[in-house]
Amino acid sequence: MMKQLMGLAGLSMAGLMLFSCNSEVKEANYQVIPMPLEISLANQSAPFVLSNGTKIMYPEGNEKMQKNAEFLASYIKDLTGKVLSVQAGTDGKGIVLQLGDVSGNPEGYQLKVTADQVVIAGPTEAGVFYGIQTLRKSIPVVQGMDIALPAVEINDAPRFAYRGAMLDVSRHFFPVDSVKRFIDMLALHNINRFHWHLSEDQGWRIEIKSRPELTEIGSKRTETVIGHNSGKYDGTPYGGFFTQEEAKEIVAYAADRHIIVIPEIDMPGHMQAALAAYPNLGCTGGPYEVWKIWGVSEDVLCAGNDETLKFIDDVLGEIIEIFPSEYIHVGGDECPKVRWKSCPKCQARIKALGLKTDKQHTAEERLQSFIINHAEKFLNDHGRQMIGWDETLEGGLAPNATVMSWRGEAGGIEAAKQHHDVIMSPNTYLYFDYYQSKDVDQEPEAIGGYLPLERVYSYEPMPASLTPEEQKYIKGVQANLWTEYIPTFSQVEYMELPRMAALSEIQWSAPEKKDYQNFLSRLPQLVDVYDVYKYNYAKHAFDVTAKFTPNPQDGTLDITLSTIDNCPVYYTLDGTDPTTASQQYTGVLKINEGCTFKAVAIRPTGSSRIISETIAFNKASMKPITMVEPINKQYEFGGAPTLVDGLKGNGNYKTGRWIAFYKNDLNLIIDLQQPTEISSFSITTCVEKGDWIFDARGFSIAVSDDGQGFKEVAYEKYPAMKADDRNGLYNHKLTFDPVTTRFVKIVGLVEHSIPAWHGGKGNPGFMFVDEIELN
């Protein structure tokens, strides 16, 4: 049985302190992130005491193991201030690093602690490195004490061989030191692939010596749009790129930490910065500028131009000289086909290749496959393999390609069924540029979305719809950070941490070992390490977690509060900020009238952020709802009660405060539970046209005494949205002569055919709604 040792500083209980004859000793805790496979404590055996001068030994002549030893010494000094000696050899008392057949997995390891020795063994130097990371994270952050390492045998190995994280340095540029700091973050979390996104419409970031204009022109934009394509600009030139020597320096830095750098040159779309440098490569011939706004440019590489093929060969030829990785990422995502449809060269290429439109693919999609296949053949001919985003499935997949599935899991599932290797990277779980809190007003600006720590942790990357044979093609998991709204590296850290900790457990740990509450109990110990390196991590996990549950039986909104460490929580209902003088939370709060609710966790080390909710009651609040037509499953969240819970959604439709309807109308019946006079109805829609989310086309209200026969009392119809209609919240209010009724039927008409001006024209649109108010 595992012994739970609390080695948590700051936000948690202090670790167990032992006293020897000479000095105070603090005990290590092996309950780390990611959770090891097997931890067997020898409770009756004496611990190994780590002190100044403890030796770290490695096999003589093995430079990689020497580096591992030096890393361990530096980690221990960072955490404890202790200076350990590093020397060749494997005999004697101390910490011994050695190669050995202790795991069938090349990245597996065994960590064995006795009173005289700590032995970290692995089949490879990488395996030993991960054993070092486990030891590192088990050591308490403390100065002036010796460390007792309890006698233990840990046997561990990763679930996935590919454990990745992507950093976009193109929308915003981060210099060499920042990239190295990012790599250090990956190493701490047992991540072994650094996907480096180096080209974009908004900037080209890697030197290509045969194409100097790529960085002379393509790395610089004249200014940058402010916010979400507001039409306003900052007026400040922006640029930056990595020389080939700098890139090689980063490759070596990562390799020392057993991390492979996978570069991405996105093609044939996301190429406007390259077109600014070489306008002859575009369908129109330009002129082009490095893009100043966010989004996806319609100007892409001309697929009918032989010069484009030479450009691809030139660029990839230098990329493979810089990056020794087996895999090279060629993007392939979000490539508009608008220019190709009207480009004589592209249409000539389509004709020459005999490409046809059919039920599966358009001729232009097949033309994109021609470009991707060309890139893959070049890479294969030079001993490399290609990775592409899941759009590379469109038009037919390149023969040996690996697919990175970002638009949910569908692309990955399809590729695995076609027996192609897959990296799961769904935006629905692993896009770390999404907001991590519903309270977006208190967050740095982000692209949108909502991926709190718990949502990230809940991801299971092995789709149940695949057969065991097909599941073998799921090779790994990756999280992505796009940086349109992330101008500083401090903000990179904020968006990555601690979500990267959740990612690491998805990638490394056995699924049966995963448990979110247990993960939270281990997180403070890892956060202590974040503090040592002054990482700007997000602290939402230490806030009060509030669960709001409509209770139709009692007519109340029931509020349940909790924290990661069960610390005291105080709350107010009058809008004032809570303090220790406020009411302390002891059990479920039952709210039966409007109020402004606030709560805070107060610890000896300080207070959490205050959470705040405005709760508004009306005659529909907390009443039972029957759905006549279904809610869209993808955006069902808390279901129908969300509409009458007294809590209003903000401009982010993914927070769970909104529910969606798609292909069918909103159609529901509210039971007011007794005859009630009403004379108005209101509801709010959340519109995001770029995501196919549109306003309602109309609402109708009908009433009934028995829930069977309904009489319409109000109806409004709305026109289809125009291209220049704003995104955001639209409130719809219908008034009618006072009527006393028990049952109210509400129908909201969705957009069944998206207007012709929109890229999704003719398709059904989504309608997101929240908070029905009857008064």
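What counts and what doesn't
Residues numbered from 1 in each chain as written. Predicted model: local features only at pLDDT ≥ 70, side-chain atom pairs only at ≥ 80, totals over all residues. Heavy atoms only, no water. Core = buried A, V, L, I, M, F, W, Y, C linked by side-chain atoms within 4.5 Å. Buried < 20%, exposed > 50% of the residue type's maximum accessible area, 1.4 Å probe, protein only. Contact = heavy atoms within 4.5 Å. Salt bridge = Lys/Arg side-chain N within 4 Å of Asp/Glu carboxyl O. Helix = DSSP H or I, 4+ residues; strand = E, 2+ residues; numbered from the N terminus. Pairing = 2+ DSSP bridges. Axes fitted to C-alpha atoms, helices over the stretch in contact; angles between N-to-C directions. Polar contact = N/O pair within 3.5 Å; in protein donor to acceptor, adjacent residues only side chain to side chain. Expected span 1.5 Å × (residues − 1). Bend = angle between axes of the 7 residues up to and from the residue. Phe/Tyr/Trp six-rings, centres within 6.5 Å; stacked < 30°, edge-to-face > 60°. Lys NZ or Arg CZ within 6 Å of the ring centre and 35° of its normal. Parallel < 35°, antiparallel > 145°, perpendicular 65-115°, else oblique. Left-handed = near helix turned anticlockwise from the far one by under 90°. Nonpolar A, V, L, I, M, F, W, Y, C, P; charged D, E, K, R; others polar.

A. View of the nonpolar core. Counting 177 residues, the largest nonpolar core has Phe194, Trp196, Trp204 and Phe311 as its most contacted members. Filtering out sequence-adjacent residues up to four positions away, phenylalanine 194 remains in contact with Ala165, Leu167, Val179, Phe182, Ile183, Leu186, Ile250, Ile259, Ile260, Val261 and Ile262. Val644, Tyr718, Leu734 and Met767 belong to the second-largest nonpolar core, a separate cluster that totals 30 residues.

B. Summary view of the pattern of salt bridges. For the structure on display, the rule yields 36 salt bridges. Between lysine 648 and glutamate 773 there is a salt bridge, with the nearest N and O atoms lying 2.9 Å from each other. Linking lysine 648 in the loop between strand E32 (625-627) and strand E33 (659-662) with glutamate 773 in strand E38 (residues 766-774), this pair joins segments that are 125 residues apart in sequence. Aspartate 671 serves as the salt-bridge partner of arginine 742, at 2.7 Å between the closest nitrogen and oxygen. Within this pair, whereas arginine 742 is found in strand E37 (residues 728-749), its partner aspartate 671 is found in strand E34 (residues 666-687), the two being separated by 71 residues in sequence. Residue classification places arginine 742 among the partly exposed residues on the basis of a relative accessible area of 31%. Aspartate 671 gets classed as buried once you look at its relative accessible area, which sits at 15%. By sharing partners, the salt bridges in this structure join Asp168, Arg171, Glu200 and Glu484 into a single network.

C. Main features of the sheet that holds strand E24 (residues 545-551). A sheet is described by the order of its strands in space; here 3 strands give the open sequence E24-E25-E28, paired in antiparallel fashion. Each edge of the open sheet carries a strand with a single partner, namely E24 and strand E28 (589-591). Across the sheet, the mean angle separating the axes of adjacent strands is 25° when strand polarity is ignored.

D. Molecular detail of the side chain of glutamate 223. Counting through the fold element by element, glutamate 223 comes out in the loop between strand E16 (220-221) and strand E17 (238-239). With a relative accessible area of 19%, glutamate 223 lands in the buried category. A distance of 3.3 Å separates a polar atom in the side chain of glutamate 223 from the backbone nitrogen of glycine 235.

E. Fine view of the sheet that holds strand E20 (residues 385-389). Ordered in space as E12-E13-E18-E19-E20-E21-E22-E23, the 8 strands form a closed barrel in which the pairing is parallel. Ignoring which end each strand starts from, the neighbouring axes of this sheet average 30° apart. Pairing of strand E13 (residues 193-197) with strand E18 (residues 260-267), which is carried by 5 bridges, proceeds in the parallel orientation. Bridge pairing in E18 places histidine 195 opposite isoleucine 262. Sheet strands touched by helix H10 (residues 363-381): E18, strand E19 (327-331) and E20. Its angle to E20, the strand with the most contacts, is close to 150°.

F. A look at helix H17 (residues 516-532). Its 17 residues give H17 an end-to-end C-alpha distance of 25 Å, which sits within 8% of 24 Å, the value for a rise of 1.5 Å per residue. Within H17, the axis deviates most sharply at leucine 523, by approximately 35°, and proline proline 524 lies no more than four positions further along. Among the 17 residues that make up H17, 12 are buried, leaving the element largely enclosed by the rest of the structure. Here H17 has its buried residues at Tyr516, Phe519, Leu520, Arg522, Leu523, Pro524, Gln525, Leu526, Val527, Asp528, Val529 and Tyr530. Buried positions along H17 lie against helix H1 (63-80), helix H2 (125-138), helix H3 (176-188), helix H13 (453-457) and helix H16 (499-508). For H17, the N-terminal capping position is held by aspartate 515, with its side-chain oxygen 3.3 Å away from the main-chain nitrogen of glutamine 517. One or two positions beyond H17, positive phi appears at lysine 534, with a value near 55°.

G. Just the packing of aromatic side chains, in detail. Taken as a whole and assessed by the stated rule, the structure comprises 36 aromatic pairs. With centroids separated by 5.6 Å and ring planes inclined at 55°, the aromatic side chains of phenylalanine 182 and phenylalanine 194 adopt a geometry described as tilted. Taken together, the residues span a long stretch of sequence, with phenylalanine 182 in helix H3 and phenylalanine 194 in strand E13 at a distance of 12 residues. When the centroid spacing of 6.5 Å and the interplanar angle of 35° are considered together, the rings of tyrosine 571 and phenylalanine 597 count as tilted. Residue tyrosine 571 is located in strand E26 (residues 569-572), and its partner phenylalanine 597 is located in strand E29 (residues 595-603); the two are separated by 26 residues in the primary sequence. Of the two residues examined, tyrosine 571 and phenylalanine 597, each falls in the buried class. Chaining the aromatic ring pairs together yields one cluster made of Phe173, Phe182, Phe194, Trp196, Phe242 and Phe323. Seen from the ring of tyrosine 253, arginine 257 lies directly overhead, with NZ or CZ sitting 3.5 Å from the centre. Over the ring of tyrosine 233 we find lysine 292, and its NZ or CZ is 5.0 Å from the ring centre.

H. Up close: the packing of H3 against helix H15 (residues 489-496). Remark: H3 packs on H15, axes separated minimally by 11 Å, with the N-to-C direction vectors making an angle of 15°. In terms of orientation, H3 lies roughly parallel with respect to H15. As H3 runs across H15, the sense of the crossing is right-handed. Of the residues in H15, those touching H3 at Ser178, Arg181, Phe182 and Met185 are Phe489, Val492, Glu493 and Glu496. Residues that form the contact of H3 with H15 fall into these classes: 4 nonpolar, 1 polar and 3 charged.

I. Seen up close, the pairing of E29. Within E29, 8 of the 9 residues are buried, which leaves the element mostly enclosed by the surrounding structure. Direction of pairing for E26 relative to E29: antiparallel, over a ladder of 4 bridges. Paired with threonine 572 across the two strands is lysine 598, which belongs to E29. Across 5 bridges, E29 lies against strand E31 (residues 611-615) in antiparallel orientation. Across the sheet, residue lysine 598 finds its bridge partner in E31, namely serine 612. In terms of strand pairing, E29 meets strand E30 (residues 606-607) through 2 bridges, oriented antiparallel. Across the sheet, isoleucine 602 pairs through a bridge with serine 607, a residue of E30. In this antiparallel pair of consecutive strands, E29 and E30, the connection spans 2 residues.

J. Molecular detail of the packing of H1 against H2. For the pair H1 and H2, interaxial distance at closest approach is 10 Å and the crossing angle is 10°. Comparing their axes, H2 and H1 come out roughly parallel. Contacts from Lys64, Met65, Asn68, Phe71, Leu72, Tyr75 and Leu79 in H1 reach Glu125, Val128, Phe129, Ile132, Gln133, Leu135 and Arg136 in H2.

K. Region of the structure containing the environment of valine 300. Residue position: valine 300 is located in the loop between helix H6 (272-277) and helix H7 (306-322). Look at valine 300 and you get buried, because its relative accessible area is 1%. Taking the C-alpha atoms as reference, valine 300 lies 6.7 Å from histidine 270; in sequence the two are 30 residues apart. If near-sequence neighbours (up to four positions away) are discounted, valine 300 is found in contact with Pro268, Gly269, Leu275, Leu281, Gly282, Cys283, Cys335, Pro336 and Trp340.

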